[in-house]
Amino acid sequence: MLAHANRITSGSDYKAVVRRGVRVVGPHTVAYLRRNPEPTPVRFGFIVAKNVGSAVVRNRVRRRMKAASFDLLPGVPAGTEVVFRALPTSVHVDWPDLVAELSNALVKGQRAR
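A short tour of the structure in this document, coming up. What you are looking at is a predicted structure, and each value in this text was computed from that prediction instead of being measured. Counting from 1, residues in each chain are numbered in the order their sequence is written. Under the rules for a predicted model, residues below a pLDDT of 70 receive no local features and side-chain atom pairs below 80 are neither given nor counted, while totals for whole chains, interfaces and linings still include all residues. The basis for the side-chain values is all heavy atoms of the structure; hydrogens and waters are excluded.

## Brief notes about the pattern of salt bridges
Keep this limit in mind: The salt bridge definition used is simple: a Lys or Arg side-chain nitrogen within 4 Å of an Asp or Glu carboxyl oxygen. Secondary structure elements are defined from DSSP: runs of H or I of at least 4 residues count as helices, runs of E of at least 2 residues count as strands, and each element is numbered from the N terminus.
What the rule picks out here adds up to 3 salt bridges. Measuring nitrogen to oxygen at the nearest pair gives 3.3 Å for the salt bridge that ties Arg 34 to Glu 81. Pair noted here: Arg 34 is in strand E2 (residues 29-35) and Glu 81 is in strand E4 (residues 80-86), with a separation of 47 residues, a long-range link. Between Glu 81 and Arg 43 there is a salt bridge whose closest N-O contact spans 3.0 Å. Taken as a pair, Glu 81 in strand E4 and Arg 43 in strand E3 (residues 43-48) lie far apart in primary sequence, 38 residues in all.

## Digging into the packing of aromatic side chains
Test applied: Between the rings of Phe, Tyr and Trp (Trp by its six-membered ring), a pair exists once the centres lie within 6.5 Å; its type follows the angle of the planes, with under 30 degrees stacked, over 60 edge-to-face, and the other angles tilted. For the exposure calls, accessible area comes from a 1.4 Å probe over protein chains only, and a residue counts as buried if that area is under 20% of its type's maximum, exposed if over 50%, partly exposed in between.
According to the stated counting rule, one finds 3 aromatic pairs in the structure shown. Ring centres 6.3 Å apart and planes at 25 degrees place the aromatic pair Phe 46 and Phe 84 in the stacked group. Placement of the pair is Phe 46 in strand E3 and Phe 84 in strand E4, with a sequence separation of 38 residues. Under the relative-accessibility criterion, Phe 46 is labelled buried at 8%. By relative accessible area, Phe 84 is classed as buried at 0%.

## Here we look at the side chain of His 28
Put simply, the rule reads: Pairs of N or O atoms are called polar contacts if they sit within 3.5 Å, as long as, within protein, a hydrogen donor faces a hydrogen acceptor (for residues adjacent in sequence, only side-chain-to-side-chain pairs). In this analysis, two residues are considered to be in contact whenever any of their non-hydrogen atoms come within 4.5 Å of each other.
Mapping His 28 onto the fold places it in the loop between strand E1 (22-25) and E2. A distance of 3.0 Å separates the side chain of His 28 from the side chain of Thr 89, its partner in a polar contact. With sequence-adjacent residues up to four places away left out, His 28 is seen in contact with Arg 85, Ala 86, Leu 87, Thr 89, Ser 90, Val 93 and Glu 101.

## Comments concerning the packing of helix H2 (residues 55-72) against helix H3 (residues 95-112)
Threshold: Helix axes are fitted only over the stretch in contact, all axes being lines through C-alpha atoms; the angle between N-to-C directions runs from 0 to 180 degrees. If an angle is under 35 degrees, it is roughly parallel; if it is over 145, roughly antiparallel; if it lies from 65 to 115, roughly perpendicular; otherwise it is oblique. Helix crossings are classified by the rotation of the near helix relative to the far one: an anticlockwise turn of less than a right angle makes the crossing left-handed, while a clockwise turn makes it right-handed. Amino acids are sorted into nonpolar (Ala, Val, Leu, Ile, Met, Phe, Trp, Tyr, Cys and Pro), charged (Asp, Glu, Lys and Arg) and polar (every other residue, Gly among them).
Packing of H2 against H3 leaves a shortest axis separation of 10 Å and a crossing angle of 55 degrees. When the axis of H2 is compared with that of H3, the two are oblique. Note on packing geometry: the crossing formed by H2 with H3 is right-handed. Contacts between H2 and H3 involve Arg 64, Met 65, Ala 67, Ala 68, Asp 71 and Leu 72 from the former and Trp 95, Leu 98, Val 99, Leu 102, Ser 103 and Leu 106 from the latter. When its residues are assigned to classes, the contact of H2 with H3 shows 9 nonpolar, 1 polar and 2 charged.

Keep in mind these values describe shape, not function.
Structure, rendered in structure tokens:
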């Protein structure tokens, strides 16, 4: 589970990352990465809209994305803010494919900056 320091919690922070961040589109997710100029901890946010499925399905998708982000946390440079948006196809993706997609999005987003 991600620590509170590693989570984006305010709507204004979500907006800032989505609007000003680098966008990386994958088959099941869209990732937005933004570099914070201050040396803050890495922070993750998750957006799972109603088009993904019922509340039970959306929560399962969000939990899986959080678990994958926790595994990827050590490889992300400090000061990075990441928002993952789940697409409707994310419901059926296998665990190794989800982790690989999120990892590739982080690598591509860091290269693009």
